[in-house]
Amino acid sequence: MSADAVSAGVKALLKRRGIVCDTTMALSGISKPRLAAFQVSASCFVSDPQVAAEAGAKGITRSIIATRKGTADPENGIFVIGNAPTALFELLRQVREEELRPDLVIGLPVGFVGAAESKEELVTVASEYGIPFITNRGRKGGSNVAAAVMNALLILALEQKSL
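Residues numbered from 1 in each chain as written. Predicted model: local features only at pLDDT ≥ 70, side-chain atom pairs only at ≥ 80, totals over all residues. Heavy atoms only, no water.

**Looking at the nonpolar core**
Stated precisely, the cut-off is as follows: We define a nonpolar core as any set of buried Ala, Val, Leu, Ile, Met, Phe, Trp, Tyr and Cys residues linked to one another through side-chain atoms lying within 4.5 Å. Each residue gets one of three labels from its accessible area relative to the maximum for its type: buried under 20%, exposed over 50%, partly exposed in between, using a 1.4 Å probe on protein chains only. Contact criterion: two residues are considered in contact whenever any of their non-hydrogen atoms come within 4.5 Å of each other.
Within the largest apolar cluster, 49 residues are counted, with the highest numbers of intra-cluster contacts made by Leu13, Ile19, Val80, Ile106 and Met150. Dropping the residues within four chain positions of it, Met150 is found in contact with Leu13, Ile19, Ile30, Ile78, Val80 and Ile106.

**Comments concerning the side chain of Ser43**
Operational definition: Strands are runs of DSSP state E lasting at least 2 residues, helices are runs of H or I lasting at least 4, and numbering of each runs from the N terminus.
Residue placement: Ser43 occurs in strand β2 (residues 42-44). Leaving out residues up to four positions away in the same chain, Ser43 has contacts with Ile19, Val20, Cys21 and Leu27.

**Points about the sheet that holds strand β3 (residues 76-81)**
We apply this condition: At least two DSSP bridges between two strands are required for those strands to pair. The axes are straight lines fitted to the C-alpha atoms, using for helices just the contacting stretch, and the angles between their N-to-C directions are given from 0 to 180°.
Here 5 strands make up an open sheet; going across it, the order is β2-β1-β3-β4-β5 and the pairing parallel. On the outer flanks of this sheet lie β2 and β5 (133-135), each paired with one strand and no other. Across the sheet, the mean angle from the axis of one strand to that of its neighbour is 20°, orientation sign disregarded. Of the pairings in the sheet, the one linking strand β1 (residues 18-21) to β2 comprises 3 bridges and is parallel in character. In the sheet register, Cys21 faces β2, and the bridge partner there is Cys44. Most of the contacts of helix α6 (residues 85-98) go to β3, to which it runs at about 145°, and overall it touches β3 and β4 (104-107). This element, helix α7 (residues 115-129), spans β4 and β5 of the sheet and lies at about 160° to β5.

**Thoughts on the pairing of β4**
Operational definition: When the strands point away from the viewer and the connection leading from the first strand across the helix to the second strand turns clockwise, the crossover is called right-handed.
Side chains of β4 alternate between two faces, with Leu104 and Ile106 and Val105 and Gly107 buried alike. Of the strand pairs in this sheet, β3 and β4 are connected by 4 bridges, and their pairing is parallel. Each residue of the ladder has a partner; that of Val80, found in β4, is Ile106. Once you follow β3 into α6 and on to β4, the crossover reads as right-handed.

**Digging into unusual backbone geometry**
With a phi angle near 60°, Arg16 is a residue other than glycine that sits in the positive phi range. Structurally, the position occupied by Arg16 is in the loop between α1 (5-14) and β1. With a phi angle near 55°, Gln39 is a residue other than glycine that sits in the positive phi range.

**With respect to the state of the cysteines**
Definition in use: Sulfur atoms of two cysteines make up a disulfide when they are within 2.5 Å.
With the rule as written, the count across this model stands at 0 disulfides. Not engaged in a disulfide, the cysteine Cys21 finds its nearest cysteine sulfur in Cys44; these two sulfurs lie 6.5 Å apart. By relative accessible area, Cys44 is classed as buried at 17%.

**Describing the pattern of salt bridges**
Worth spelling out the cut-off: Any Lys or Arg side-chain nitrogen found within 4 Å of a carboxyl oxygen on Asp or Glu counts as a salt bridge.
If you walk through the whole model with that rule in mind, you get 9 salt bridges. The shortest N-O distance in the salt bridge between Arg17 and Asp103 comes to 2.5 Å. With Arg17 in the loop between α1 and β1 and Asp103 in the loop between α6 and β4, this pair connects stretches of sequence that are 86 residues apart. The exposure class of Asp103 is buried, given its relative accessible area of 19%.

**Let's talk about the side chain of Thr71**
Selection rule: Here a polar contact is recorded for every N or O atom pair within 3.5 Å, except that within protein the pair must consist of a potential hydrogen donor and a potential acceptor, and residues adjacent in sequence are included only if both atoms are side-chain atoms.
Counting through the fold element by element, Thr71 comes out in helix α5 (residues 62-72). Engagement of the side chain of Thr71 in a polar contact is seen with the backbone oxygen of Arg68, the distance being 3.1 Å. Ignoring anything within four residues of it in the chain, the contact list for Thr71 reads Phe79, Leu91, Gln94 and Leu100.

**A few points about helix α8 (residues 143-161)**
Each full turn of the α-helix corresponds to 3.6 residues, which orients residues three or four apart in the same direction. Using the following cut-off: A helix is expected to reach a length of 1.5 Å times the quantity of its residues less one.
The end-to-end C-alpha distance of α8 is 26 Å, a good match for the 27 Å that 19 residues give at a rise of 1.5 Å each. Along α8, the positions that sit buried rather than exposed are Ser143, Ala146, Ala147, Val149, Met150, Asn151, Leu153, Leu154 and Ala157.

Keep in mind these numbers describe shape, not what the thing actually does.
The structure is reproduced here in structure tokens:
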């Protein structure tokens, strides 16, 4: 993880930056009472019918279109990716090509196809562009792990808020 990842995540929560998840499982795992304490919105667009229709029409994954929908809202700043390497690749493409500057990327996609590569690209791109990030190396990870990281940040932010 980047040296500033935890402080950047806490700061983003205190500023009420929205959270975008790549799966409903990751979204479901994030503590709703803790989110409410910050009045932070958390969303996942992968099941949105418009996302599915656009992905089908363009012949690309729903995760790519869902990521684009999440990044289109300037209120969103924290991206929690625990399943879809294509979501992380798309987010990083936007960092490189569209000057997207997330407050924090939690990139923990799981699997045999693209997971390890997307995390390596996260380390490279985020380091080059100064994007705070939390990841691991290899093919392990998952929505549950990504949600756990987000919950840990929420706990830290609550402690900071009460000071």
